[in-house]
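A closer look at the structure
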Amino acid sequence: RALFSRAPYGWYAIGALSLLVWSVVLSLGPHWKIDETVTDVELPYLFLFENLSMFKAVRVVARFALMGNLALALLSGIAVAKLAVCFRGRPQLASLLGVGIATVVLVESFTVPVNVNPLPDDADLQRLLAGALPGPTLFVPVSGGDEVRRIWFATRAESGPLLNGYSGFIWPQYWYFRDAAAEVT
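Summary of the structure given here.

**A few points about the packing of aromatic side chains**
This structure, assessed with the given rule, holds four aromatic pairs. Relative to F49, the ring of Y45 has its centre 6.3 Å away and its plane inclined at 35°; by these criteria the two rings are tilted. With Y45 and F49 both in helix α2 (residues 44–51) and four residues apart, this pair spans about one turn of that helix. Pair check on accessibility: Y45 and F49 agree, each one buried. Ring geometry for F55 versus F64: centroids 6.1 Å apart, planes at 20°, classification stacked. We classify F64 as buried; its relative accessible area is 14%. Ring-pair connections join several aromatic residues into one group, and the members of that group are Y45, F49, F55 and F64.

As structure tokens, then:
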């Protein structure tokens, strides 16, 4: 309550909290998913996707989570400003706590290198993709242990749009298609 009263940054805190919540909700996509199973639970992004054409151009809804990073930075700044006011008579303590908050934000945003396995050689697949006509590419079966490897080869061969590539917006029928195509090949 004290954060939102008699302080010029109180409304900024409300705005940053709202931004944080909306960024998380929008980054979840149009439907709630449980273990790669799309449920019938509709999320707010579906309304935006169906009613505002600009949301149809968003391929990876997880990018909305970046707004959450901005919101966390804003909230950290507000917390430092609030500490400066609370510890007005003890500037050393306020400075120490401010540095501590800044350190926590920096440590939280630190990225650990992602393990990337080298792309294995698959001469048959490379030859097949090199001779493919330009146009959309569809891999079947859709899922499998070598799915990522095949997608990497298709991307490297520049054989055209990959219909079953990775995207943040996965159409609900995709899972039925994946299951139906599992026995093909």
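From this point, things continue past the structure.
**Focus on a nonpolar patch on the surface**
On the surface, V24, L28, W32, I34 and V41 cluster together to form a nonpolar patch covering roughly 440 Å² of accessible area. Structurally, L28 can be placed in the loop between α1 (10–27) and β1 (31–34). Residue L28 is classed as partly exposed on the basis of its relative accessible area of 37%.

**Some words on the packing of α1 against helix α3 (residues 65–86)**
Helix packing for two helices is described by the angle between their axes and how far apart those axes are. Between α1 and α3, the shortest axis-to-axis distance is 8 Å and the interhelical angle comes to 160°. It follows from the interaxial angle that α1 and α3 lie roughly antiparallel. Taken as a pair, α1 and α3 cross one another with a handedness that is left-handed. Between α1 and α3, the residues in contact are Y12, A13, A16, L17, L19, L20, S23 and S27 and A65, M67, G68, L70, A71, L72, L74, L75 and I78, respectively. Looking at the contact of α1 with α3, its residues break down into 14 nonpolar, three polar and no charged.

Calculation rules
- Residues numbered from 1 in each chain as written.
- Predicted model: local features only at pLDDT ≥ 70, side-chain atom pairs only at ≥ 80, totals over all residues.
- Heavy atoms only, no water.
- Phe/Tyr/Trp six-rings, centres within 6.5 Å; stacked < 30°, edge-to-face > 60°.
- Helix = DSSP H or I, 4+ residues; strand = E, 2+ residues; numbered from the N terminus.
- Buried < 20%, exposed > 50% of the residue type's maximum accessible area, 1.4 Å probe, protein only.
- Patch = residues over 30% accessible without salt bridge, like charges linked within 9 Å, V, L, I, M, F, W, Y side chains within 5 Å.
- Areas by Shrake-Rupley, 256 points an atom, 1.4 Å probe, with all protein chains shown as cover.
- Salt bridge = Lys/Arg side-chain N within 4 Å of Asp/Glu carboxyl O.
- Axes fitted to C-alpha atoms, helices over the stretch in contact; angles between N-to-C directions.
- Parallel < 35°, antiparallel > 145°, perpendicular 65-115°, else oblique.
- Left-handed = near helix turned anticlockwise from the far one by under 90°.
- Contact = heavy atoms within 4.5 Å.
- Nonpolar A, V, L, I, M, F, W, Y, C, P; charged D, E, K, R; others polar.

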